[in-house]
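Take a look at the letters that make up each chain.
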Amino acid sequence: MAADALVLDDLHAFYGDSHVLQGISFALGAGRLLGLLGRNGAGKTTTLATIVGLVRPRGGRIAAFGGAIGGLAPEAIAARGIALVPQGRRIFRSLSVRENLIVAARRGTDGGAEWTLKRVFATFPRLAERQGHAAGVLSGGEQQMLAIGRALMTNPRLLLLDEPSEGLAPQIVADVLAIVRRLKQDGMSIVLVEQNARFVLDLADEVVILNTGRVALAESAAAVRAGAVDLQPYLGVF
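Residues numbered from 1 in each chain as written. Predicted model: local features only at pLDDT ≥ 70, side-chain atom pairs only at ≥ 80, totals over all residues. Heavy atoms only, no water.

Comments concerning the layout of surface pockets
Its boundaries defined by the atoms lining it, the largest pocket holds a volume of some 590 Å³. Taken together, 19 residues make up the lining of the largest pocket; nearest its centre are Ala78, Ala83, Leu84, Arg150 and Thr154. Among the elements of the structure, helix H2 (74–79), strand E6 (82–85), helix H3 (97–104) and helix H6 (140–152) are those that each provide at least two residues to the lining of the largest pocket. Considering each element in turn, the lining of the largest pocket owes the most residues, four residues, to H2. Taken together, the residues that form the lining of the largest pocket break down as 14 nonpolar, one polar and four charged. (1 Å grid on protein atoms, 1.4 Å probe; cavity = no way out; pocket = protein on both sides within 12 Å on 5 of 7 lines; lining within 4 Å. Points joined across faces, edges and corners; volume = space filled by probe spheres on them. Helix = DSSP H or I, 4+ residues; strand = E, 2+ residues; numbered from the N terminus. Nonpolar A, V, L, I, M, F, W, Y, C, P; charged D, E, K, R; others polar.)

A short note on the sheet that holds strand E4 (residues 59–64)
Reading across the sheet, the four strands line up as E2-E1-E4-E5 and stay open at both edges, with antiparallel pairing between neighbours. At either margin of the open sheet sits one strand with a lone partner, and together these are strand E2 (18–28) and strand E5 (67–68). Where strand E1 (residues 6–15) lies against E4, four bridges are found, and the strand directions are antiparallel. Of the residues in E4, the one forming a bridge with Val7 is Ala63. (Pairing = 2+ DSSP bridges.)

Here we look at the environment of Gly35
Position of Gly35 among the secondary structure elements: in strand E3 (residues 33–38). With sequence-adjacent residues up to four places away left out, Gly35 is seen in contact with Leu192, Val200, Ala204, Glu206, Val207 and Val208. (Contact = heavy atoms within 4.5 Å.)

Describing the packing of H6 against helix H7 (residues 170–185)
In contact at an axis separation of 10 Å, H6 and H7 are set at 15° when each is read in the N-to-C sense. In terms of axis orientation, H6 runs roughly parallel to H7. Here H6 and H7 pass one another in a crossing that is right-handed. Every residue of H7 that contacts H6 at Gly141, Gln144, Met145, Ile148 and Leu152 is listed here: Ile172, Asp175, Val176, Ile179 and Leu183. Of the residues belonging to the contact of H6 with H7, the class tally is seven nonpolar, two polar and one charged. (Axes fitted to C-alpha atoms, helices over the stretch in contact; angles between N-to-C directions. Parallel < 35°, antiparallel > 145°, perpendicular 65-115°, else oblique. Left-handed = near helix turned anticlockwise from the far one by under 90°.)

Structural notes on the packing of aromatic side chains
Counting across every chain of the model gives zero aromatic pairs. Looking at Arg58, its charged tip hangs above the ring of Phe14, at a distance of 4.1 Å from the centre. For the cation-ring pair, Arg157 lies above Phe65, with the distance from its terminal atom to the ring centre recorded as 3.8 Å. (Phe/Tyr/Trp six-rings, centres within 6.5 Å; stacked < 30°, edge-to-face > 60°. Lys NZ or Arg CZ within 6 Å of the ring centre and 35° of its normal.)

A short note on unusual backbone geometry
The phi angle at Asp10 is positive, at roughly 55°, despite the residue not being glycine. Locating Asp10 in the fold gives a position in strand E1. Under the relative-accessibility criterion, Asp10 is labelled partly exposed at 39%. Here Glu163, not a glycine, exhibits a phi torsion of approximately 55°, which is positive. In this fold, Glu163 is placed in the loop between strand E7 (158–162) and H7. (Buried < 20%, exposed > 50% of the residue type's maximum accessible area, 1.4 Å probe, protein only.)

A word on H7
In this model H7 runs 22 Å from its N-terminal to its C-terminal C-alpha over 16 residues, within 8% of the 22 Å that 1.5 Å per residue would give. Those residues of H7 that sit buried are Val173, Val176, Leu177, Ile179, Val180 and Leu183. On an axial view of H7, the arc spanned by its buried residues comes to 160°, and they lie on one face. Set apart from the buried face of H7 by more than 90 degrees, the exposed residues are Pro170, Gln171 and Gln185. Buried positions along H7 lie against E3, H6, E7, strand E8 (189–193) and helix H8 (197–201). Following H7 by one or two positions, Gly187 has its phi on the positive side, about 100°. (Expected span 1.5 Å × (residues − 1). Arc of directions from axis to C-beta.)

Comments concerning the pairing of strand E10 (residues 214–220)
Pairing of strand E9 (residues 206–211) with E10, which is carried by six bridges, proceeds in the antiparallel orientation. Residue pairing in the sheet places Leu210 in a bridge with Val215 of E10. Between the antiparallel neighbours E9 and E10 lie two residues, among them Thr212 with a positive phi of about 45°.

A short note on the pattern of salt bridges
Think of it this way: side chains of opposite charge can pair up when their charged atoms draw near. Evaluated as defined, the whole model comprises six salt bridges. Residue Arg181 is joined to Asp202 by a salt bridge in which the shortest nitrogen-to-oxygen separation is 2.9 Å. Of this pair, Arg181 sits in helix H7 while Asp202 sits in the loop between H8 and E9; the two residues are 21 residues apart in sequence, bridging distant segments of the chain. A relative accessible area of 41% places Asp202 in the partly exposed class. (Salt bridge = Lys/Arg side-chain N within 4 Å of Asp/Glu carboxyl O.)

Written as structure tokens, this is what we have:
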């Protein structure tokens, strides 16, 4: 039986003296998509930052594909095939689209089809058209596509997406949703952090809701879609 793509077990993390993550536990099966929801300040972004080593855990366990990664340096975690598309995109604005992609390139580790410039440009035709332009002059939607493409150039096995629809027009949100759906269909393991619960429910296999650094709800997305679970008490109107 294949190891889970990601396991968090009683994870604790702090910012200074502030105890931000207070015993987070959940698991993501390989090739599945987990939607991580919660109000502002619930701990979603901190969870992703702790997974990739930007915040050092102070308790609990993090494992990816059967190997412990909690406390490793960010570069070592990235080398295990884990990539983060951060909130706010954080592209290199002065570099061209092509240069942003090339600088991130890393060989794959799982023997699958490699993400190359050619494959990224086939997935994001708009980036191919704009490959010589400085990233800073791209539209918000194009910058988000570039941020996802840059992460894919590291050839990850696990992709962490932090608010990919933030600040985008509805049609561009639909385009990003289609891209994430295609990645999932291709077998990518994905953790998706979003304020847009409808975006998540259109894609997710499982849903985890955080509230002030704790897991408030962990449920199958199918149960939520079927109306068996009401998210409104946790998220308000969505």
